Amino acid sequence: MTHEKSPALLVVVIRAALKQWYVAGIGPEGTVTPLVRSERGNLDQYVGQSDDEQLSFLRHRLSGAMQRGCDRLWAKEAKAARIVLIADDNLPDSDSELLQRLADHFHTWMTRPPVTCYRGHGGSTIKDLESLECLVGQPDAPHATCLQSALPDLVRQIDDDDSWEIVLEPKNE
């Protein structure tokens, strides 16, 4: 007999200035479950690369973060019903269209579950959906309502480093 997994939003938050990401699950009732986070500077490797190399690096790095998040959700008897990527600002040292290109890629190639991508204009803007620019994948009303209700708690949890499992990147020797 198979057990049905609970649907959840898988939310990836990018703190642009710190070049760091966080992955959390949000249940249908708006409960935030911190899953994994990177160390600061995890996204540093895109700096100084060509536009296409930046996109390729971020696409692979964030896909890995999403996969880890999906694995953690699955272990908690949940599955991603929608992936939400929120960048609190444009990434430093990149073309102003990099996040749009990244959002377009995920929206085109990751259809199950569907992807929504938002861009903020500074760290404080991720507390409210109205302050974010939807780049792709406008969520349906139930998902938007759930996300909106969970954002203040998500931001509070992001500020608590002890709530998260840290994913360490292997050091290049």
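Above this text you will find the structure in question.
About the cut-offs
Residues numbered from 1 in each chain as written. Predicted model: local features only at pLDDT ≥ 70, side-chain atom pairs only at ≥ 80, totals over all residues. Heavy atoms only, no water. Phe/Tyr/Trp six-rings, centres within 6.5 Å; stacked < 30°, edge-to-face > 60°. Lys NZ or Arg CZ within 6 Å of the ring centre and 35° of its normal. Pairing = 2+ DSSP bridges. Helix = DSSP H or I, 4+ residues; strand = E, 2+ residues; numbered from the N terminus. Axes fitted to C-alpha atoms, helices over the stretch in contact; angles between N-to-C directions. Contact = heavy atoms within 4.5 Å. Buried < 20%, exposed > 50% of the residue type's maximum accessible area, 1.4 Å probe, protein only. Polar contact = N/O pair within 3.5 Å; in protein donor to acceptor, adjacent residues only side chain to side chain. Core = buried A, V, L, I, M, F, W, Y, C linked by side-chain atoms within 4.5 Å. Parallel < 35°, antiparallel > 145°, perpendicular 65-115°, else oblique. Left-handed = near helix turned anticlockwise from the far one by under 90°. Nonpolar A, V, L, I, M, F, W, Y, C, P; charged D, E, K, R; others polar.

A.B. asks: Looking at this structure, how should I read the packing of aromatic side chains?
C.D. replies: Aromatic rings considered in pairs are described by the distance between their centres and by the relative angle of their planes. A full pass over the atoms with the stated rule returns one aromatic pair. Positioned over the ring face of W74 is K5, at 4.3 Å from the centre of the ring.

A.B. asks: Help me understand the sheet that holds strand β1 (residues 6–15), please; the structure alone is not making it clear to me.
C.D. replies: The strands that make up a sheet pair up through hydrogen bonds in the backbone, lying either parallel or antiparallel. Read from one edge to the other, the open sheet built from seven strands follows the order β6-β5-β4-β1-β2-β3-β7, with strand pairing classed as mixed. Strands at the two margins of the open sheet, each flanked by one partner only, are β6 (133–136) and β7 (165–167). Pairs of neighbouring strands in the sheet enclose a mean axial angle of 25°, with direction left out of account. In the packing of helix α3 (residues 141–158) onto the sheet, the strands contacted are β1, β2 (20–26), β3 (32–38), β4 (78–87) and β5 (115–119), and the crossing angle to β1 comes to about 50°.

A.B. asks: Any chance you could explain unusual backbone geometry here in plain terms?
C.D. replies: Most of the time, phi is negative for any residue but glycine, and the peptide bond is trans. Despite not being glycine, K19 has its phi angle at roughly 50°, a positive value. Mapped onto the secondary structure, K19 falls in the loop between β1 and β2. Positive phi is not limited to glycine here, since D93 has a value of about 60°. Within the fold, D93 resides in the loop between β4 and α2 (98–109). Since its relative accessible area comes to 53%, D93 is described here as exposed.

A.B. asks: Where do I start with the side chain of Q54 in this structure?
C.D. replies: Its location among the elements puts Q54 in helix α1 (residues 51–75). Overall, the relative accessible area of 3% leaves Q54 in the buried class. Polar side-chain contacts of Q54 include one of 3.2 Å to the backbone oxygen of Y46. When residues no more than four places from it in sequence are discounted, the contact partners of Q54 are Y46, V47, G48, Q49, D93, S94, D95 and L98.

A.B. asks: Is there a simple way to think about the nonpolar core in this case?
C.D. replies: A general trend in soluble globular proteins is that nonpolar side chains are found buried together. Counting residues in each nonpolar core, the largest one holds 34 residues, and the members touching the most others are W21 and L62. Ranked by residue count, the leading element in this core is α1, at seven residues. Counting residues in each nonpolar core, the second largest holds 22 residues, with I26, V84, I126 and V155 among its members.

A.B. asks: Honestly, the packing of α1 against α2 in this entry has me stumped. Any pointers?
C.D. replies: A pair of packed helices can be characterised by two numbers: the angle between their axes and the separation between those axes. The N-to-C vectors of α1 and α2 enclose an angle of 50°; their axes lie 10 Å apart at closest approach. Here α2 runs oblique to α1, going by the angle between their axes. For the element pair α1 and α2, the recorded crossing hand is right-handed. Of the residues in α2, those in contact with D51, D52, Q54, L55, L58, R59, L62, S63 and M66 of α1 are L98, R101, L102, H105 and F106. Residues of the contact of α1 with α2, tallied by class, amount to seven nonpolar, three polar and four charged.

A.B. asks: Just checking my understanding: could you explain the environment of S149 for this structure?
C.D. replies: Structurally, S149 is set in helix α3. Taking the C-alpha atoms as reference points, S149 and V32, 117 residues apart in sequence, are found 9.9 Å from one another. Separated by 2.9 Å, the side chain of S149 and the backbone oxygen of C146 make a polar contact.

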